[in-house]
Amino acid sequence: MASSGSFTTTEYEGRSLTFSWSIQSQSIANNTTTISWNLKGSGSYTYGWVTCGGFKVVINGSTVYSQSTDYRVNVYSGTTVASGTHIISHNSDGSKTFSASAQAGIYTYAVN
């Protein structure tokens, strides 16, 4: 398993989200890794903000962060939307890969 990584969602109205993660700690006894993760605003629209809502972050099929579309944030490039930690169990040989996804609605006059 790598020690860190990131991905950026598809851009809409000049705004996207970047999910990044890094290893916080590992337990050989429990055969687990705890990762720290962060979700930030990004994209080519670098001036001003875009209203976002309906956030969701999924790691290995488990929703680790969720907000309804009623929860809206003015997201600048670099705005931290959410962050947290998540424990990932390894395979019996100590190896592990994991999947992650992030989504949000970008609002102009209606959700998109």
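Residues numbered from 1 in each chain as written. Predicted model: local features only at pLDDT ≥ 70, side-chain atom pairs only at ≥ 80, totals over all residues. Heavy atoms only, no water.

Peer 1: Even after reading the chapter, I still don't get the overall build of the chain, so can you show me in this structure?
Peer 2: Helix and strand counts for the chain come out as zero helices and eight strands. In sequence order, the chain lays out its α and β elements as β-β-β-β-β-β-β-β. Viewed in the frame of its principal axes, the chain has a C-alpha envelope of about 50 × 25 × 20 Å. Every one of the 112 residues in the chain was classed for burial, and the buried ones make up 33%. Once local pairs closer than 6 in sequence are excluded, the contacts in the chain between residues at least 24 apart make up 60%. Of the accessible surface of the chain, which amounts to about 6400 Å², a share of 45% is contributed by carbon and sulfur atoms. (Helix = DSSP H or I, 4+ residues; strand = E, 2+ residues; numbered from the N terminus. Buried < 20%, exposed > 50% of the residue type's maximum accessible area, 1.4 Å probe, protein only. Contact = heavy atoms within 4.5 Å. Areas by Shrake-Rupley, 256 points an atom, 1.4 Å probe, with all protein chains shown as cover.)

Peer 1: I'm lost on the sheet that holds strand β2 (residues 16–27) in this one. Help?
Peer 2: Within a sheet, each strand pairs with its neighbour through backbone hydrogen bonds, oriented either parallel or antiparallel. Taken in spatial order, the four strands line up as β1-β2-β3-β7 in an open sheet, and their pairing is antiparallel. Every interior strand has two partners, whereas the edge strands, β1 (4–8) and β7 (80–89), have only one. Strand-to-strand twist across the sheet, computed as the mean angle between neighbouring axes with direction ignored, equals 20°. (Pairing = 2+ DSSP bridges. Axes fitted to C-alpha atoms, helices over the stretch in contact; angles between N-to-C directions.)

Peer 1: What exactly am I supposed to notice about the environment of G84 here?
Peer 2: Residue position: G84 is located in strand β7. In the structure, G84 is positioned 47 residues away from W37 in sequence and 5.4 Å away in space, judged by C-alpha atoms.

Peer 1: Would you take a moment to explain the nonpolar core for this structure?
Peer 2: The tendency in soluble globular proteins is for nonpolar side chains to be buried side by side. By size, the foremost hydrophobic cluster in this structure holds 20 residues, and its most contacted members are F19, W37, L39, F55, V57, I59 and V81. Put simply, the parts of the chain that give this core at least two residues each are β2, β3 (32–42), β4 (50–59), β6 (72–75), β7 and β8 (100–107). Of all the elements, β4 adds the most residues to this core, at five residues. Ignoring anything within four residues of it in the chain, the contact list for L39 reads L17, T18, F19, V57, T79, T80, V81, A82 and A102. (Core = buried A, V, L, I, M, F, W, Y, C linked by side-chain atoms within 4.5 Å.)

Peer 1: I'm lost on unusual backbone geometry in this one. Help?
Peer 2: Negative phi values dominate among residues other than glycine, just as trans dominates among peptide bonds. Not every positive phi belongs to a glycine, and N31 is a case in point at roughly 55°. Mapped onto the elements, N31 comes out in the loop between β2 and β3. A residue is classified by how much of its surface remains accessible, and N31, at 25% relative accessible area, is partly exposed. The phi dihedral of N60 falls on the positive side, at around 50°, and the residue is not glycine.

Peer 1: Explain the pairing of β3 to me, please; I cannot follow it from the model alone.
Peer 2: On a regular strand, each side chain points to the face opposite its neighbour's, so the side chains alternate between the two faces of the sheet. Counting buried positions over the eleven residues of β3 gives eight, a clear majority of the element. Two elements, β2 and β3, share eleven bridges in a ladder whose sense is antiparallel. Bridge assignment links S25 to a residue of β3, and that residue is T34. Linkage of β2 to β3, two consecutive antiparallel strands, is achieved through a turn of four residues, within which N31 is found at a positive phi near 55°.

Peer 1: Explain the packing of aromatic side chains to me, please; I cannot follow it from the model alone.
Peer 2: Aromatic ring pairs: the centre-centre distance and the angle between the two ring planes describe each pair. A complete count under the given rule lists five aromatic pairs for this structure. In textbook terms, an aromatic cluster arises when at least three aromatic residues are bridged by ring pairs, as seen for F7, F19, W37 and Y65. (Phe/Tyr/Trp six-rings, centres within 6.5 Å; stacked < 30°, edge-to-face > 60°.)

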